[in-house]
2 protein chains.
Amino acid sequence: MSAPANIDLLIKARWIVPIIPENQVFENCALAIHKGVIQALLPQEEADKRYAPHQSINLGDHALIPGLVNAHGHAGMSLLRGYADDLPLVTWLNEHIWPLEGQWVSDQMIRDGTELAMAEMIKSGTTCFTDMYYFPEQAAQAAQQAHMRAQINFPIIDAPTPWGSGPEDYLNKGLALHDDFRSSSLVRIGFGPHAPYSVSNSVFEKIAVLSQEMDAPVHVHLHETAQEVADSEKEYGKRPAARLHEMGLMSPLTQCVHMTQVNDADLALLKETGAHVIHCPQSNLKLATGFCPVQRLIDAGVNVALGTDGAASNNDLDMFSEMQSAALLAKGVSGQPDALNAHRTLRMATLDGAKALGLDDTIGSLEVGKAADITAVELSALDVQPLYNPVSQLVYTQSGHRVSHVWVGGKALLLSGQLQTLNERELIGKARWWRKQIDR
Amino acid sequence: MSAPANIDLLIKARWIVPIIPENQVFENCALAIHKGVIQALLPQEEADKRYAPHQSINLGDHALIPGLVNAHGHAGMSLLRGYADDLPLVTWLNEHIWPLEGQWVSDQMIRDGTELAMAEMIKSGTTCFTDMYYFPEQAAQAAQQAHMRAQINFPIIDAPTPWGSGPEDYLNKGLALHDDFRSSSLVRIGFGPHAPYSVSNSVFEKIAVLSQEMDAPVHVHLHETAQEVADSEKEYGKRPAARLHEMGLMSPLTQCVHMTQVNDADLALLKETGAHVIHCPQSNLKLATGFCPVQRLIDAGVNVALGTDGAASNNDLDMFSEMQSAALLAKGVSGQPDALNAHRTLRMATLDGAKALGLDDTIGSLEVGKAADITAVELSALDVQPLYNPVSQLVYTQSGHRVSHVWVGGKALLLSGQLQTLNERELIGKARWWRKQIDR
């Protein structure tokens, strides 16, 4: 028998849900991790024989899952959480969010807001997020520094904003940002055209060419409301997705956020082009923008990821709560109680999210050779008893507050509920300071 | 100036949301409580002058709200939590829930399951619940012993069950139970006819007469699915609600659970008779049984309460999570982002629940003269910052796990997260024991 191999970290857990193989829960197994990469998933007794870990953690009442992928959000907006709820969409944007953004958005606000958002995401089990907001340099630096995985999409819109003067300015700044993070293993820069109704054809055409050349993702709000689709049909004689497709913008690099309006032609287009859908159920409900036909998309072979959207329209960044909403809503909308089952929902929030971001070779499942992006959830409390099926309890009982440990690339971001790369007390203080400024 | 009055308890809190007056949040105030009754809601400084409390609690980062009213559930089913998820309704009932109930339901199982359910409910801020399950004597005794407020509805169905031989037996046992609890200030016994499709006219007619004579509530699953309504139209030539009305069973004593199918005639009937609707959004979604038109009911003046349903179709008994689902879903279903706002949702889970149970003179708001049924929620954590509006954070961010203190009639059921009338460790042990029996 050979000598035990030296490895950095061994994590033992009561349950491990690797996502691949599908629908499996391994009991009393362990994950062996070295140089940030998963080396093995094996029974604990075998792990004790095969490995001499530098560090060993025993999570006896916990489930390990791949770190969650929050595929749509506006992290900086966490400072506007709950500022203006329960309003019609136009009132919300015109009288509250946009004036507030005009007055307050700055590089410092985005930095503080993004750090607050990341702290909340880490504490509720998210290891990778996409972002689309002003001052993306701040979000990119913040993610890199906190050691989170992120796709930061620089915003592009046919209007001046606190971040710049217009599309040309945004593209220049965004391409420079892309260069700055070219070598990062954690942060990828993408294009964030705001929406079909706020970006003109000439700008979309530039984005289509550049994104293909650079192999960079394109993240766009698409078919969020019936009004958006009706307006497009009137103005362009076609639906927004078809318009983007004509300009070469529907591809596996494209992340279509919301898609509450999907007719047969849209479905065929998504399937044919390999564009991804990002489903944001709580935001769609809260803003009453429609119901994304998730099960129909999945049945057609379209990849669907999951996102919280920003805290101003949610009001949290908890992907467990979002999974519960997604799983329940898919059943109600499809009329099928077996739609989007618990395993499938967890996959949507992990591997399918990774796939949408082009990261499914690296993350999204607990397979040998993948990065050790891992979330541990404690399942010992009274309110998850009796526990017949850990995946059911994870998805259907809002487990965000039960997250205990989080690793990204083998580096601990959360240990026993304590943030390791961000200062929780300081962030709460900053959030309170911003509230006093904004809410006079 | 008169001497300070002796009172049992003074609770100071950062925020108090009394429900009445409506849409109000009082800051840095206190509740004075004596002999289980609210004596005053007043500024903390004034409270210090006016009262000499036997006990004083200072909750500096907390919101006080009326204890939540969970208006529909099957507490004993908590032992089946997550046992069979993601299945078509017929498979779920025929192949899983009913065989399991036939094999396992006993007085001991109901006692243990009800205590587990109550522990979960107390820990997530519920002070009053309705129940409808076998061996209601056990549920009634358990509630009385744990000092929870409850309406226990004894089940009536045209079939033998583990609890009895048929309708006559159920009525006899139920009336005896009603007598046993006639003098209880906490537990009220009601009639629980299962559903229009499982109870015959002659039995409903008896219930109508008895419930009016006894001034006892009637709790019934009604219009849960489109199929139920279609079948009734075929068999009886009328919709279930109309059929119940003809037998004198639609009145302010009637609690209509689910009501996902509501046409104009149903709406008029509910309004005219004063029958209450109990909305169970997560159960309706999970079983894909339809969408209750909550905002339309409210706009018509129908009283709508909120319930979790049993843990087998939810999978938790957390009314905060249920409030979030209700508030979000009402917006999506009505297409109005200003539907069921945060304050209105909190009222649905408190005062409107109390009204449905005929208890709105006693509980449901933090008004002088009402029972001190109070829930405290800590709002200091990072994931509720910045805090512009405590009611938004309570409703839209699943605050169940933030509940710290709970009182019923001035008696503490939860202090700093610790159960006072139930043994948490023992209940977890029992739940695990039942899992081992059931899940062989």
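Residues numbered from 1 in each chain as written. Chains lettered and ligands numbered in written order. Predicted model: local features only at pLDDT ≥ 70, side-chain atom pairs only at ≥ 80, totals over all residues. Heavy atoms only, no water.

1. Quick notes on the pattern of salt bridges
Residue and element names in this part refer to chain B.
- Per the counting criterion, the structure on display carries 44 salt bridges over all chains.
- For the salt bridge of Lys-430 with Asp-112, the shortest nitrogen-to-oxygen distance reads 3.6 Å. You can see Lys-430 sitting in helix 16 (residues 424–438) and its partner Asp-112 sitting in helix 3 (residues 107–123), a full 318 residues away along the chain.
- We classify Lys-430 as partly exposed; its relative accessible area is 26%.
- The buried category is assigned to Asp-112, whose relative accessible area is 7%.
- Glu-367 is the partner of Lys-370 in a salt bridge, and the nearest nitrogen-oxygen pair spans 3.7 Å.
- A relative accessible area of 27% places Glu-367 in the partly exposed class. (Salt bridge = Lys/Arg side-chain N within 4 Å of Asp/Glu carboxyl O. Helix = DSSP H or I, 4+ residues; strand = E, 2+ residues; numbered from the N terminus. Buried < 20%, exposed > 50% of the residue type's maximum accessible area, 1.4 Å probe, protein only.)

2. Looking at the relation of the copies chain B and chain A
- Superposing chain B onto chain A takes a rotation of 180° plus a shift of 0.0 Å along the axis, which leaves an RMSD of 0.0 Å. What we have between these two chains is a two-fold relation.
- With an isologous cut-off of 70% or more, the 100% of interface residues of chain B that recur at the interface of chain A puts this contact in the isologous class. (Least-squares fit on C-alpha atoms with pLDDT ≥ 70 in both. Contact = heavy atoms within 4.5 Å.)

3. Side note on the packing of helix 5 (residues 167–180) of chain B against helix 6 (residues 201–214) of chain B
Residue and element names in this part refer to chain B.
- Viewed as axis vectors pointing N to C, helix 5 and helix 6 meet at an angle of 10°, and their least axial separation amounts to 12 Å. Comparing their axes, helix 6 and helix 5 come out roughly parallel. Residues Pro-167, Leu-171, Leu-175 and His-178 of helix 5 form the contact with helix 6, whose participating residues are Val-203, Lys-206, Ile-207, Leu-210 and Met-214.
- Grouping the amino acids of the contact of helix 5 with helix 6 by side-chain chemistry returns 7 nonpolar, 1 polar and 1 charged. (Axes fitted to C-alpha atoms, helices over the stretch in contact; angles between N-to-C directions. Parallel < 35°, antiparallel > 145°, perpendicular 65-115°, else oblique. Nonpolar A, V, L, I, M, F, W, Y, C, P; charged D, E, K, R; others polar.)

4. Thoughts on unusual backbone geometry
- Cis rather than trans, the peptide bond between Asn-314 of chain A and Asn-315 of chain A has omega equal to 10°.
- At the junction of Ile-20 of chain B and Pro-21 of chain B, the peptide bond is cis and its omega measures out at 0° in the coordinates.
- Turning to its location among the elements, Pro-21 of chain B is positioned in the loop between strand 1 (5–16) and strand 2 (26–34).
- Phi angles above zero are rare outside glycine, and Asp-215 of chain A is one such case at about 55°.

5. Details of the pairing of strand 8 (residues 187–193) of chain B
All names here are of chain B.
- Counting buried positions over the 7 residues of strand 8 gives 6, a clear majority of the element.
- Sheet analysis places strand 7 (residues 149–156) next to strand 8, joined by 7 bridges and oriented parallel. In the sheet register, Phe-154 faces strand 8, and the bridge partner there is Phe-191.
- In this view, the connection linking strand 7 to its parallel neighbour strand 8 by way of helix 5 has right-handed handedness. (Pairing = 2+ DSSP bridges. Right-handed = clockwise from strand over helix to strand, strands pointing away.)

6. A word on the interface of chain B and chain A
- The partner chain A presents 63 residues to the 63 residues of chain B that form the contact.
- In total, chain B and chain A occlude about 5000 Å² of area from one another, counting both sides; carbon and sulfur atoms represent 60% of this.
- Among the residues of chain B in contact with chain A, Asp-86, Leu-382 and Tyr-388 of chain B are the three that bury the most area, contributing 17% of the side total.
- Between chain B and chain A we count 2 salt bridges in total.
- In this structure, Lys-331 of chain A and Asp-86 of chain B form a salt bridge, with 3.3 Å as the shortest nitrogen-oxygen distance.
- For the side of chain B that touches chain A, the secondary structure elements donating two or more residues are helix 3, helix 10 (281–286), helix 12 (319–334), helix 15 (390–396) and helix 16 of chain B.
- A class-by-class count of the residues in the side of chain B that touches chain A yields 29 nonpolar, 19 polar and 15 charged. (Buried area = accessible area lost by both parts, 1.4 Å probe.)

7. What to know about the state of the cysteines
- With the rule as written, the count across this model stands at 0 disulfides over all chains.
- Unpaired in terms of disulfides, Cys-292 of chain A finds its nearest cysteine sulfur in Cys-280 of chain A, a separation of 9.0 Å.
- Here Cys-292 of chain A falls in the buried class, since its relative accessible area comes to 5%.
- A disulfide-free cysteine, Cys-256 of chain B has its sulfur positioned 10 Å from the sulfur of Cys-292 of chain B, the nearest such atom. (Disulfide = S-S within 2.5 Å.)

8. As for the packing of helix 3 (residues 107–123) of chain A against helix 16 (residues 424–438) of chain A
All names here are of chain A.
- Where helix 3 meets helix 16, the axes come as close as 10 Å, and the angle between the chain directions of the two elements is 130°. On the basis of their axis angle, the class for helix 3 and helix 16 is oblique. Seen along the crossing, helix 3 lies across helix 16 with a hand that is left-handed. In contact with Gln-108, Met-109, Asp-112, Glu-115, Leu-116, Ala-119 and Lys-123 of helix 3, helix 16 contributes Glu-424, Leu-427, Lys-430, Ala-431, Trp-434 and Ile-438.
- Of the residues in the contact of helix 3 with helix 16, the class split is 7 nonpolar, 1 polar and 5 charged. (Left-handed = near helix turned anticlockwise from the far one by under 90°.)

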